[in-house]
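Single-letter residue listing:
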Amino acid sequence: MSRTTRWVLIGSLACAALAAPMLRTAPAVDRPQEAVGEVRPLPQETRFSNLRQLTFGGENAEAYFSFDGTRLIFQSTRPPYACDQIFTMNLDGGEPRRISTGTGRTTCGYFYPDGKSLLYASTHEAGPACPPRPSFDRGYVWPVYDTYDIYRADLDGSNLRPLTRSPGYDAEATIGPDGRIVFTSVRDGDMEIYSMNGDGGDVRRLTRRPGPDGGPFFSPDGTRIVFRGRPLSPGPELDDYRLLLEEGVWRPTRLEIYVMDRDGGNVRQVTANGAANFAPSFHPDGERIIFASNLHDPKGRNFDLYLVNLDGTGLERVTYNDAFDGFPMFSPDGRKLVFASNRYQRAAGETNIFVADWIERPAASK
């Protein structure tokens, strides 16, 4: 999964946080422009109207709505920064503001429900420089930076304070409607999902199976969590996974989408297609999941967005871009969808944020 190549945090493979060359680069083209920021969806993308491009140039990904649906938080590599920093902006792309420190690497920003604060993961306390990318002497691997911790800040980035201080990787945090946080950590030696209070207290481990579980998102009512994962059985693949994780890297492989109750119980598998499925989040109705997958390009890097019912039925392809579409999230009212894409890039390696009005219609038949 390379781009020519850009390192997108794919912590979630959702919330990205695992810096990885995930994107397939499309040729640089002049985008068909109808108005400033407005672009045409592809003919097959019948769920979209009023598609707008919100960022122009650089590497922008993981845009997530505030709980009132008026703002977006996202990560971006743009001059003068050598790796991702956290920004916020309006829904029209206006008033972009950096709210992270400007040092280290950051990922996975998210707003608190009260609209007064936000969180993100950062390596800045380990040093101001971007952490090094891994050697590929061990093959194609992604870094799992053990210098990531999760921080809470006011909306302008002030009053920054840590929520995690455990050894190892802590990132991929999102927040439920009651303020409970769910995140990915390697604190116990494996990629597992945990939850904690909004102030970092009452940490609870939710998953307990070998393999790369992560990218958790709460359902709109906070009762369920969707995530990506791949449980590994004893054998060479698990041995290789554990050895690499001790070295702070992970070899990407097939991933499926799962749902569990908020306490970690009642885990059930949603997809079973053998592709690399990641970045799941709920539709506001709580009965459908949107995610990214290379299902139609299983040996390649062409990721598109898909919608599926909680029981795995009614799979629907949403985007048809010939490069990368990923990190989708619905607005709280379900009227808009935000996602990251290589479409209409003006230079090789660009990834930008797009938002579309969502056209609701009867779900695909089961």
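Up top is the structure these notes are about.
Residues numbered from 1 in each chain as written. Predicted model: local features only at pLDDT ≥ 70, side-chain atom pairs only at ≥ 80, totals over all residues. Heavy atoms only, no water.

**A look at the pairing of strand β8 (residues 85-90)**
- Of all 6 residues in β8, 5 are buried; the element is thus mostly enclosed.
- Bridge count between strand β7 (residues 71-77) and β8: 6 bridges; the pairing is antiparallel. Each residue of the ladder has a partner; that of arginine 71, found in β8, is asparagine 90.
- Note that β8 and strand β9 (residues 97-98) share 2 bridges and pair antiparallel. Across the sheet, the residue bridging to phenylalanine 87 is arginine 98, located in β9.
- Counted between consecutive antiparallel strands, the loop separating β8 from β9 contains 6 residues, among which glycine 93 sits at a positive phi close to 85°. (Buried < 20%, exposed > 50% of the residue type's maximum accessible area, 1.4 Å probe, protein only. Helix = DSSP H or I, 4+ residues; strand = E, 2+ residues; numbered from the N terminus. Pairing = 2+ DSSP bridges.)

**Structural notes on the packing of aromatic side chains**
- In this structure the tally under the stated criterion is 21 aromatic pairs.
- Geometrically, the ring pair formed by phenylalanine 48 and phenylalanine 339 is stacked, given 5.5 Å between the ring centres and 20° between the ring planes. Note that phenylalanine 48 is positioned in strand β5 (residues 48-53) and phenylalanine 339 in strand β29 (residues 336-341), a separation of 291 residues in sequence.
- Take phenylalanine 48: its relative accessible area is 5%, and that puts it in the buried class.
- On the numbers, 5.8 Å between centres and 25° between planes, the contact of phenylalanine 183 with tyrosine 194 is stacked. Linking phenylalanine 183 in strand β16 (residues 181-185) with tyrosine 194 in strand β17 (residues 192-196), this pair joins segments that are 11 residues apart in sequence. For the pair formed by phenylalanine 183 and tyrosine 194, the shared burial category is buried.
- By way of ring pairs, the aromatic residues Phe48, Phe330, Phe339, Phe354 and Trp358 are connected into one cluster. (Phe/Tyr/Trp six-rings, centres within 6.5 Å; stacked < 30°, edge-to-face > 60°.)

**Things to note about the pattern of salt bridges**
- Evaluated as defined, the whole model comprises 25 salt bridges.
- A salt bridge links arginine 204 to aspartate 202; the shortest N-O distance between them is 3.0 Å.
- Accessibility expressed as a relative area gives 48% for arginine 204, which makes it partly exposed.
- The partner of arginine 343 in a salt bridge is aspartate 325, and the shortest N-O contact between them spans 3.0 Å. (Salt bridge = Lys/Arg side-chain N within 4 Å of Asp/Glu carboxyl O.)

**Looking at the sheet that holds strand β11 (residues 117-122)**
- Pairing is antiparallel across the open sheet formed by 4 strands, whose spatial order is β10-β11-β13-β14. Two strands lie at the open edges of the sheet, namely β10 (106-111) and β14 (161-162), each paired on one side alone.
- As paired elements, strand β13 (residues 149-154) and β14 share 2 bridges and run antiparallel to each other. Residue pairing across strands places arginine 152 opposite arginine 161, the latter belonging to β14.

**Re the sheet that holds strand β25 (residues 288-293)**
- Read across the open sheet, the 4 strands follow the order β24-β25-β26-β27; overall the sheet is antiparallel. The sheet terminates laterally at β24 (277-282) and β27 (316-317), the two strands that pair on one side only.
- In this sheet, β27 lies alongside strand β26 (residues 304-309) in antiparallel orientation, the contact comprising 2 bridges. Its bridge partner being in β27, leucine 307 is matched across the sheet by glutamate 316.

**Here we look at the state of the cysteines**
- As enumerated under the stated definition, the model contains 1 disulfide in all.
- A sulfur-sulfur distance of 2.2 Å marks the disulfide that ties cysteine 83 to cysteine 130. Because the torsion about its S-S bond is -100°, the bridge between cysteine 83 and cysteine 130 counts as left-handed. With cysteine 83 in the loop between β7 and β8 and cysteine 130 in the loop between β11 and β12 (142-143), this residue pair connects regions lying 47 residues apart in the sequence.
- Judged by relative accessible area, cysteine 83 falls into the buried class, the value being 2%. (Disulfide = S-S within 2.5 Å.)

**Quick word on helix α1 (residues 236-246)**
- When we look at burial in α1, the residues that qualify are Leu238, Tyr241, Leu244 and Leu245. Here the buried residues of α1 occupy an arc of 135° about the axis, which is enough to place them on one side. α1 presents Pro236 and Glu246 as exposed residues on the side facing more than 90 degrees away from its buried surface.
- Looking at the buried side of α1, the elements it contacts are β21 (249-250).
- Just downstream of α1, glycine 248 is the residue with a positive phi angle, here 80°. (Arc of directions from axis to C-beta. Contact = heavy atoms within 4.5 Å.)

**Quick look at the pairing of strand β15 (residues 170-175)**
- Counting buried positions along β15 gives 6 out of 6 residues, so the element sits mostly inside the fold.
- As paired elements, β15 and β16 share 4 bridges and run antiparallel to each other. Following the sheet pairing, isoleucine 175 is matched in β16 by isoleucine 181.

**Focus on the nonpolar core**
- Judged by nonpolar contacts, the single largest core of 80 residues is most densely connected at Leu119, Ile181 and Ile289.
- A per-element tally of this core places strand β30 (residues 352-358) first, with 5 residues.
- Judged by nonpolar contacts, the second largest core, of 8 residues, contains Ile193, Phe218, Ile225 and Phe227. (Core = buried A, V, L, I, M, F, W, Y, C linked by side-chain atoms within 4.5 Å.)

**Regarding unusual backbone geometry**
- Following proline 79, the chain continues to proline 80 via a peptide bond in cis, the omega torsion being 10°.
- Of note, proline 80 is situated in the loop between β7 and β8.
- We note that glutamate 95 has phi near 55°; this positive angle belongs to a residue other than glycine.
- On the basis of relative accessible area, glutamate 95 is assigned to the exposed category, the value being 60%.

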